[in-house]
Amino acid sequence: MTHKIGIILGSTRPSRISPSIATWLQTNLAQPDLTFDLIDLAQINLPLLDEVEQPSSGIYHKAHTQQWSQLIQGYDGFVLLFPQYNWGYPAPLKNALDYLYKEWAHKPVSLVSYGGHGGFQAAQGMYLVVRGLKMRLLTNNLQLTLRSADLDEQGHFIDPDQALAPYAFNAQQMGAEFRHLLGE
Ligand SMILES: Cc1cc2nc3c(=O)[nH]c(=O)nc-3n(C[C@H](O)[C@H](O)[C@H](O)COP(=O)(O)O)c2cc1C
């Protein structure tokens, strides 16, 4: 049986670096019986949380919430990919998580943060959030350091495969952990 993992792109800026990292993850996490899809919050474009009921009620009045819920229900686990912004995680990612509750609960999740020093503080904050959502945090998480030598003037990787090569083994371990957890 094939299980589906969603790689959620947590940054939405027009010039963001996240698509190149997400594509690299998709390749390097690959495992038999697992598919890794990209879930791009810039395309999904949720407004700031505008539901009347608490998300834990599961009562969704807005079409965008119902569609987001349907999408997330279709996945067995998630990779949250996010940069560090001012020692935290990006607001659109927190907003997208806050929209739902039961859809996240008990599903495996891995955190892939990035920044000048691996996005350590953003990852710390997100550990608490996924615990609050009752998700199953993997032991394999990644903190990617963006080295200026690997970036062009726009802050994009000159060569993503070369820049991210040091993390390839850990990504493969992460994929294997997803497979192990979902094969139980
Ligand atoms: C609003 C903002 C705040 C940032 N704050 C930090 C920070 O606290 N620490 C850090 O290492 N990098 C910081 N950066 C640099 C980002 O890690 C870098 O620009 C990265 O490419 C952002 O991810 P994105 O391109 O996917 O948006 C910040 C960037 C932005 C746009």
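The structure under discussion appears in the preceding block.
A. Inspection of unusual backbone geometry at higher detail. In this structure, N45 takes a positive phi of about 55° despite not being glycine. Structurally, the position occupied by N45 is in the loop between α2 (41–44) and α3 (63–73). Here N45 falls in the exposed class, since 10 other C-beta atoms lie within 10 Å of it. For W87, which is not glycine, the phi torsion reads 70° and is therefore positive. By the secondary structure assignment, W87 is in the loop between β3 (77–83) and α4 (91–98). Judged by C-beta crowding, with 12 C-beta atoms within 10 Å, W87 ranks as exposed.

B. Here's a closer look at the nonpolar core. Core analysis: the largest hydrophobic core is formed by 43 residues, its most contacted members being I7, I8, L25, V79, L80 and L81. Among all residues touching I8, those that are not within four sequence positions of it are I39, L41, F78, V79, L80 and L81.

C. Quick peek at the site of the ligand. With respect to spatial proximity, 15 residues lie near the ligand, and among them S11, R16, P83, G115 and G116 are the closest. Class assignment for the residues of the shell around the ligand results in five nonpolar, eight polar and two charged.

D. Looking closely at helix α7 (residues 168–182). A rise of 1.5 Å per residue sets the reference length of α7, with its 15 residues, at 21 Å; its end C-alpha atoms lie 21 Å apart and thus fit the reference within 8%. Every buried residue belonging to α7 is among A171, M174, G175 and F178, and all of these are buried. All buried residues of α7 project into a common sector of 95° when viewed along the axis, lining one side. Looking at α7, the residues exposed on the side facing more than 90 degrees away from the buried face are F169 and H180. Buried residues along α7 sit in contact with β1 (3–9), α1 (18–28), β2 (34–40), β3, β4 (108–115) and β6 (142–145).

E. Up close: the environment of L144. Looking at where L144 falls in the secondary structure, it is placed in strand β6. Given 23 C-beta atoms within a 10 Å radius, L144 is considered buried. Along the backbone, L144 and Y75 are 69 residues apart, and their C-alpha atoms lie at a distance of 25 Å. Ignoring any residue separated from it by four or fewer positions in sequence, one finds L144 in contact with I21, V112, Y114, G118, L164 and Y167.

F. Expanded view of the pairing of β1. A large share of β1 lies buried, amounting to five of its seven residues. Two strands pair when backbone bridges link them, and β1 and β2 are joined in this way by seven bridges, in the parallel orientation. Note on β2: the bridge partner recorded for L9 is D40. In the classification by handedness, the crossover that spans β1, the intervening α1 and the parallel β2 is right-handed. Sheet topology note: the β1/β3 ladder contains five bridges and is parallel. Looking at the pairing, I8 lines up with L80 of β3.

The rules behind the values
Residues numbered from 1 in each chain as written. Predicted model: local features only at pLDDT ≥ 70, side-chain atom pairs only at ≥ 80, totals over all residues. Helix = DSSP H or I, 4+ residues; strand = E, 2+ residues; numbered from the N terminus. Buried ≥ 20, exposed ≤ 12 C-beta atoms within 10 Å, placed from the backbone. Core = buried A, V, L, I, M, F, W, Y, C linked by C-beta atoms within 7 Å. Contact = placed C-beta atoms within 7 Å. Near = placed C-beta within 6 Å. Nonpolar A, V, L, I, M, F, W, Y, C, P; charged D, E, K, R; others polar. Expected span 1.5 Å × (residues − 1). Arc of directions from axis to C-beta. Pairing = 2+ DSSP bridges. Right-handed = clockwise from strand over helix to strand, strands pointing away.

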